[in-house]
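One letter stands for each residue in the lines below.
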Amino acid sequence: MDREEIMRILPHRDDMLLLDDIAESGGEAVGHYTVRGDEFFLRGHFPQNPIVPGVILCEILAQSACVLMRDVMDEGKIPMYTGLDKVRFRSPVRPGDTVETRCRIRRAKPPFYFASGEVTVDGRLCVTAEFSFAVTAGD
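None of the values given here were measured: they were computed from a predicted structure.

(A) View of the pattern of salt bridges. Counted by the stated rule, this structure contains eight salt bridges. When the shortest N-O distance is used, the salt bridge between Arg 36 and Asp 38 registers 2.8 Å. Judged by its relative accessible area of 54%, Arg 36 falls in the exposed class. A relative accessible area of 53% places Asp 38 in the exposed class.

And the structure:
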């Protein structure tokens, strides 16, 4: 699925849509995002040595996992992070890197969904995490 198709599922737009493409197979979502270098989150993190902030990598994981919940992401529904657990940052992500995410929904008790995922760059493990969401009405 490309960015246009992703926008039919996720409410994120402009600078906060952090997926270029994503595919689902066997209950696993595999997404990609290429760090261009001009993103807002790199401007001050860090001058002369830009590194993608960990919170942004966690957001990319979350967006990837939300694609697996597309059946419950009806019009007006918003996925809200409810928790991050066992997050480990293992290697930095820099401009020019193409991030690959792999996510699974581990458990669901609607409106709560529990997931796990990882971020890699060229096979190098960068982030692992467990996280949860509540899918809520976007009032």
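(B) View of the packing of aromatic side chains. With the rule as written, the count across this model stands at four aromatic pairs. Here the aromatic rings of Tyr 81 and Phe 131 are separated by 6.3 Å at their centres, their planes lie at 80 degrees, and the arrangement is edge-to-face. Here Tyr 81 is found in strand S3 (residues 77-89), whereas its partner Phe 131 is found in strand S6 (residues 124-137), with 50 residues between them in sequence. On the basis of relative accessible area, Phe 131 is assigned to the buried category, the value being 4%.

Reading the values: rules and limits
Residues numbered from 1 in each chain as written. Predicted model: local features only at pLDDT ≥ 70, side-chain atom pairs only at ≥ 80, totals over all residues. Heavy atoms only, no water. Salt bridge = Lys/Arg side-chain N within 4 Å of Asp/Glu carboxyl O. Buried < 20%, exposed > 50% of the residue type's maximum accessible area, 1.4 Å probe, protein only. Phe/Tyr/Trp six-rings, centres within 6.5 Å; stacked < 30°, edge-to-face > 60°. Helix = DSSP H or I, 4+ residues; strand = E, 2+ residues; numbered from the N terminus.

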